[in-house]
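Coordinate inspection notes
What follows is the residue order along each chain.
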Amino acid sequence: MPIEYRDRPEGSVSELDTVGDGIKVIMMIGTLFKDYRPLKFFSLVALLFTLVGLAFGIPVIIEYFQTGLVPRLPTALLAVAFIFLACLALVASFILDSVAKSERREWELGVYRMSGQNE
């Protein structure tokens with residue numbers, strides 16, 4: 001099928017927004033990933049929190065073993081908070097994964113029952 005190409009009329013403005021549309025697409029991919037693969041998504045979040053917590057905590061632990069003191073208590077508390085968030089994200093991943101599997105199973109059973117009634 002032949003396609004005609006013509007230039008944009010004078011004075012018209014494109015409605016495309018490269019950055020804005022790209023951000024919307026990436027956000028939608030993230031949302032779909034979170035909804036359909038919650039174990040992987042929240043495990044990655046937990047891994048990120050763990051790495052940040054270790055980055056803050058290891059220097060404090062090394063300093064404690066060298067001096068027996070914890071002079072950077074706020075940093076130690078921040079490290080503990082990140083490790084706590086990592087544990088929370090990991091538990092949430094297990095719960096949400098089991099809920100998603102249960103809903104998927106219910107949906108499949110519903111489709112199976114509906115197809116069985118039509119026969």
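Everything here concerns the structure above.
Residues numbered from 1 in each chain as written. Predicted model: local features only at pLDDT ≥ 70, side-chain atom pairs only at ≥ 80, totals over all residues. Heavy atoms only, no water.

Along the backbone of the chain there are three helices and zero strands. In the chain, the succession of helices and strands from N to C terminus is α-α-α. Its C-alpha radius of gyration of 25 Å places the chain more than 25% over the 14 Å reference for a compact globule of 119 residues. Looking at the chain as a whole, 13% of its 119 residues are labelled buried. Sequence-distant contacts, at least 24 apart, represent 58% of the contacts inside the chain between residues at least 6 apart. Surface accessibility of the chain: about 10,300 Å² in total, with carbon and sulfur atoms responsible for 69%. Taking the 11 positively charged and 13 negatively charged side chains of the chain as two groups, their mean positions are separated by 9 Å. (Helix = DSSP H or I, 4+ residues; strand = E, 2+ residues; numbered from the N terminus. Rg over C-alpha atoms; globule rule 2.2 N^0.38 Å. Buried < 20%, exposed > 50% of the residue type's maximum accessible area, 1.4 Å probe, protein only. Contact = heavy atoms within 4.5 Å. Areas by Shrake-Rupley, 256 points an atom, 1.4 Å probe, with all protein chains shown as cover. Lys, Arg positive; Asp, Glu negative; His and termini not counted. Charge placed at Lys NZ, Arg CZ, Asp CG, Glu CD.)

Taking 1.5 Å of rise per residue, the 30 residues of helix H2 (residues 38-67) would be expected to cover 44 Å, and the 43 Å separating its terminal C-alpha atoms lies within 8% of that figure. Positioned one or two residues after H2, Gly68 has a phi angle of 80°, which is positive. (Expected span 1.5 Å × (residues − 1).)

The next subject is the side chain of Ser93. Mapped onto the elements, Ser93 comes out in helix H3 (residues 73-117). For Ser93, a relative accessible area of 0% translates into the label buried.

With respect to the helices and strands, Arg8 occurs in the segment before helix H1 (18-36). On the accessibility criterion, Arg8 (52% relative accessible area) is exposed. Residues in contact with Arg8, not counting those within four places in the same chain, are Val13 and Ser14.

Bringing the pattern of salt bridges into the picture now. Counting across every chain of the model gives three salt bridges. Lys34 is the partner of Asp35 in a salt bridge, and the nearest nitrogen-oxygen pair spans 3.1 Å. On the accessibility criterion, Asp35 (41% relative accessible area) is partly exposed. For Lys34, a relative accessible area of 31% puts it in the partly exposed group. (Salt bridge = Lys/Arg side-chain N within 4 Å of Asp/Glu carboxyl O.)

Moving on, we get to the environment of Phe49. Mapped onto the fold, Phe49 is located in helix H2. For the pair Phe49 and Ala79, spaced 30 residues apart in the sequence, the C-alpha separation amounts to 9.3 Å. With near-sequence residues (within four places) excluded, Phe49 lies in contact with Phe82, Leu85 and Ala86.

Looking now at a nonpolar patch on the surface. The grouping of Ile61, Tyr64, Phe65, Val70, Leu73 and Leu77 at the surface amounts to a nonpolar patch, some 630 Å² of accessible area in total. Among the elements that take part in the nonpolar patch, H2 stands out by supplying three residues, more than any other. Note that Ile61 resides in helix H2. (Patch = residues over 30% accessible without salt bridge, like charges linked within 9 Å, V, L, I, M, F, W, Y side chains within 5 Å.)

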